[in-house]
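Residue-level listing of the chains:
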Amino acid sequence: MNSASKELISPRIGVDVWLEVGREGRCFSYLDGLDLGVGLGDLVLVKLRGRSMKGLVVKRRILPIDNQNKDNSNDFKLSNVEGVVQHAAVDSQWRDWIEKIATNYHTSSFKMLKAALPPGWLGQGKQSISAGRLLWKVYLQPKADTQKKLSFKQKALEEYLLNHGGESWQKDLQDQGFSSVIIKGLVSKKRAFRERRLLKNEIKSESKNNENISNKNKPLLTDEQKQAIQSFLALKKGSTLLLWGITGSGKTEVYLRLAEIELKAGRNCLILAPEIGLIPQLFDRCKSRFGVNVFQYHSGCIDSERIQTWRQVIKGSHPIVVVGTRSAIFLPLNPLGLIVLDEEHDSSYKQESPMPCYHARDLALSRAKWQGAKVLLGSATPSLFVWKSLSSKGSIMLSRLTRRISGKALPKVHVIDMRLELEEGHRRLISRALMNDLRELTQRSEQAVILVPRRGYSSFLSCRSCGEVVNCPNCDVALTVHRNKEGLGWLRCHWCDFRTQIHSTCNECGSRAFKPFGAGTQRVLDYLENELEGLRLLRFDR
């Protein structure tokens, strides 16, 4: 081949792809033979021993013209990259941060990377992102039966549908306050009908220049809230403020005001909550304030929703607010101005199982220093870690909210010592004071919520002779005692769902003195059903 013909050949690109092989992951060389424009940080689809795998491109090089389909150091033909899952999914600085925290937590970089990325982006399997979800859509009935009378809410629903083209997604109707019971009631009266339709996964276009930030119904700030905002704004980049505020003191409004300031400055915001159950209310408040610039990211979202949010973050055309749980701390928001951890004391911020283990608060502090963001820790009962790190001893500043917004006093709390109850001859499961209050519910037209830390009938089964506790053979945790209405009992593990019968003798000493200890939700409900006649009871623990 002469030099002129060599110049006509376009250079071929070889890439090293980090795949899930072994504990640390391994790099394999591939060829961008399909001219997909593969670059550093791309997630790609390749074949390894006939299996489809997704991996990360960690190295890119131009192959010599004389050996364009082969590796430089090994005389064998390279396979082609089959597809690009996501261009520029991982930049070099973000990956350096991931490797740093992997070292701190004594785990492999690949495991930490896989935990950080959306589910399905690394590992085995073909790339398959759902085009959408099958959801109920409600339509007005063309030939409605107008003879049946409608309730006030059903009339309002019918009017709402008329004003919106005669159709609407059921989830949007529920967002407007129409429950599924009202919707089904309208359908049963032949005034509407439902069909399952495909809702495509689309992200609404962002609002440019933050013109969608709402100024309506903004509450007036208290002097303490204003002082907290000023204290936060005075922080240096990479610093942290503890917002120690009693229940109802307006911590969330402080979060929103600070997020508004960051958005107007062109910086992204990340607001974390410890549990998925706390996300909807927080998300709705952010959505009503910041409109389409708000996204959510947590395990309650389907995989395609999390992938779409991640792609929106990578796109980075406008600053956004992301509301999520601990896994959202990995989102590559850049520039990042604010990280909020609401209820920072909650143990749910710590990932304990499966591996890798990490604490979202520690990662937030690390990331803030790396990106020059600021961290706001909100709590009514701050953790000991934060107490130890306050400004007089450490690096965290403090701001207090000591008064409730409504001006009402905190609810009274009565601590009942059950040992004293026992000394006075009361051997029941629930204290006399609580039972008296429960008996007066009907007269006062009130309701009550009783929180029990354990499910089942009893917390554990123990031998009274030797003290042996019956544990799960798989998880090494105490098995919970359950009973049915006939009084028959069994043991169950709430981690792996292992079940077994209650044995009549102890496996350690052979004693027949087996006794359940502790009270679970099932036992409390059985007790209340016997003690409180005529009171409607509901058990909610699943």
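Residues numbered from 1 in each chain as written. Predicted model: local features only at pLDDT ≥ 70, side-chain atom pairs only at ≥ 80, totals over all residues. Heavy atoms only, no water.

Caption draft 1: Structural detail: the nonpolar core. Membership of the largest hydrophobic core comes to 50 residues, with the highest contact counts inside it found for Trp94, Ile98, Leu113, Leu117, Leu270 and Phe330. Setting aside residues no more than four positions away along its own chain, Phe330 makes contact with Trp94, Trp97, Ile98, Ile101, Met112, Ala115, Ala116, Trp310, Tyr358, Leu363 and Arg367. (Core = buried A, V, L, I, M, F, W, Y, C linked by side-chain atoms within 4.5 Å. Buried < 20%, exposed > 50% of the residue type's maximum accessible area, 1.4 Å probe, protein only. Contact = heavy atoms within 4.5 Å.)

Caption draft 2: Geometry of helix α2 (residues 92-104). In this model α2 runs 19 Å from its N-terminal to its C-terminal C-alpha over 13 residues, within 8% of the 18 Å that 1.5 Å per residue would give. On the buried face of α2, the contacting elements are α3 (109-116), α10 (303-315) and α11 (360-371). Capping the start of α2, Asp91 holds a side-chain oxygen 3.2 Å from the backbone nitrogen of Gln93, two or three residues further along. Just beyond α2, the residue with positive phi is His106, at close to 55°. (Helix = DSSP H or I, 4+ residues; strand = E, 2+ residues; numbered from the N terminus. Expected span 1.5 Å × (residues − 1). Polar contact = N/O pair within 3.5 Å; in protein donor to acceptor, adjacent residues only side chain to side chain.)

Caption draft 3: Layout of the state of the cysteines. On inspection of all chains with the given rule, the structure shows zero disulfides. The thiol sulfur of Cys472 is not disulfide-bonded, and the nearest other cysteine sulfur, from Cys496, lies at 3.6 Å. Using a relative accessible area of 3% as the deciding quantity, one classes Cys472 as buried. (Disulfide = S-S within 2.5 Å.)

Caption draft 4: Just the pairing of strand β10 (residues 240-245), in detail. Burial analysis of β10 places five of its six residues in the buried class, which makes it a mostly covered element. As paired strands, β10 and strand β17 (residues 374-379) are joined by five bridges and run parallel to one another. The residue of β17 that forms the bridge with Thr240 is Val375. (Pairing = 2+ DSSP bridges.)

Caption draft 5: The arrangement of the pattern of salt bridges in detail. Taken as a whole and judged by the stated rule, the model has 26 salt bridges. Two residues, Glu253 and Arg257, come together in a salt bridge whose shortest N-O distance is 2.7 Å. Linking Glu253 with Arg257, this pair stays in helix α8 (residues 251-264), spanning four residues, or about one helical turn. Glu253 sits in the buried class, given a relative accessible area of 4%. Overall, the relative accessible area of 16% leaves Arg257 in the buried class. Each of Glu253, Arg257, Arg285 and Arg289 takes part in one network of salt bridges that share partners. (Salt bridge = Lys/Arg side-chain N within 4 Å of Asp/Glu carboxyl O.)

Caption draft 6: Geometry of the sheet that holds strand β22 (residues 499-501). Taken in spatial order, the three strands of this open sheet run β20-β21-β22, and their pairing is antiparallel. Either end of the sheet is taken by a strand with one partner, and the two such strands are β20 (480-483) and β22. Geometrically, the sheet is characterised by an average inter-axis angle of 35° between neighbouring strands, direction not taken into account. Where strand β21 (residues 489-492) and β22 come together, three bridges link them in antiparallel fashion. When the sheet's bridge partners are listed, Trp490 is paired in β22 with Gln501. (Axes fitted to C-alpha atoms, helices over the stretch in contact; angles between N-to-C directions.)

Caption draft 7: Representation of the sheet that holds strand β13 (residues 321-324) within the structure. Spatial ordering of the open sheet is given by β12-β13-β11-β14-β17-β10-β18, a layout of seven strands whose pairing is parallel. Each end of this open sheet is capped by a strand with a single partner; those strands are β12 (294-297) and β18 (396-401). Neighbouring strand axes in the sheet, compared pairwise and without regard to direction, differ in orientation by 20° on average. Note that β10 and β18 share six bridges and pair parallel. If you follow Gly245 over to β18, its bridge partner there is Leu401. Packed on one face of the sheet, α11 meets β10, β14 (336-342) and β17 and runs near 165° to β14.

Caption draft 8: A look at the environment of Gln141. With respect to the helices and strands, the residue Gln141 is situated in the loop between β7 (132-140) and α4 (152-163). For Gln141, a relative accessible area of 26% corresponds to the partly exposed category. Considered as a pair, Gln141 and Leu186 are 45 residues apart in the sequence and their alpha carbons are 9.8 Å apart. Those residues in contact with Gln141 that lie beyond four places of it in its chain are Lys190, Arg191, Ala192 and Phe193.

Caption draft 9: Just the packing of α2 against α3, in detail. The contact between α2 and α3 brings their axes to 9 Å, and the two run at 120°. Compared by their axis directions, α2 and α3 come out oblique. α3 is crossed by α2, and the crossing has right-handed handedness. Contact with α2, carried on its side by Trp94, Ile98, Glu99, Ile101 and Ala102, involves Ser109, Met112, Leu113 and Ala116 of α3 and no other residues of that element. Residues that form the contact of α2 with α3 fall into these classes: seven nonpolar, one polar and one charged. (Parallel < 35°, antiparallel > 145°, perpendicular 65-115°, else oblique. Left-handed = near helix turned anticlockwise from the far one by under 90°. Nonpolar A, V, L, I, M, F, W, Y, C, P; charged D, E, K, R; others polar.)

Caption draft 10: Fine view of the packing of aromatic side chains. Applying the stated criterion to the full structure yields 10 aromatic pairs. Geometrically, the ring pair formed by Trp97 and Trp370 is stacked, given 5.6 Å between the ring centres and 15° between the ring planes. Highlighted residues: Trp97 in helix α2 and Trp370 in helix α11, separated in sequence by 273 residues. On the basis of relative accessible area, Trp97 is assigned to the buried category, the value being 3%. Ring-pair connections join several aromatic residues into one group, and the members of that group are Trp94, Trp121, Tyr297 and Trp310. If you follow Arg194 out to its NZ or CZ, it ends over the ring of Trp136, 3.9 Å from the centre. A cation sits over an aromatic face here: Lys374 above Phe232, 5.6 Å from the ring centre. (Phe/Tyr/Trp six-rings, centres within 6.5 Å; stacked < 30°, edge-to-face > 60°. Lys NZ or Arg CZ within 6 Å of the ring centre and 35° of its normal.)

Read these as geometric descriptors, not functional statements.
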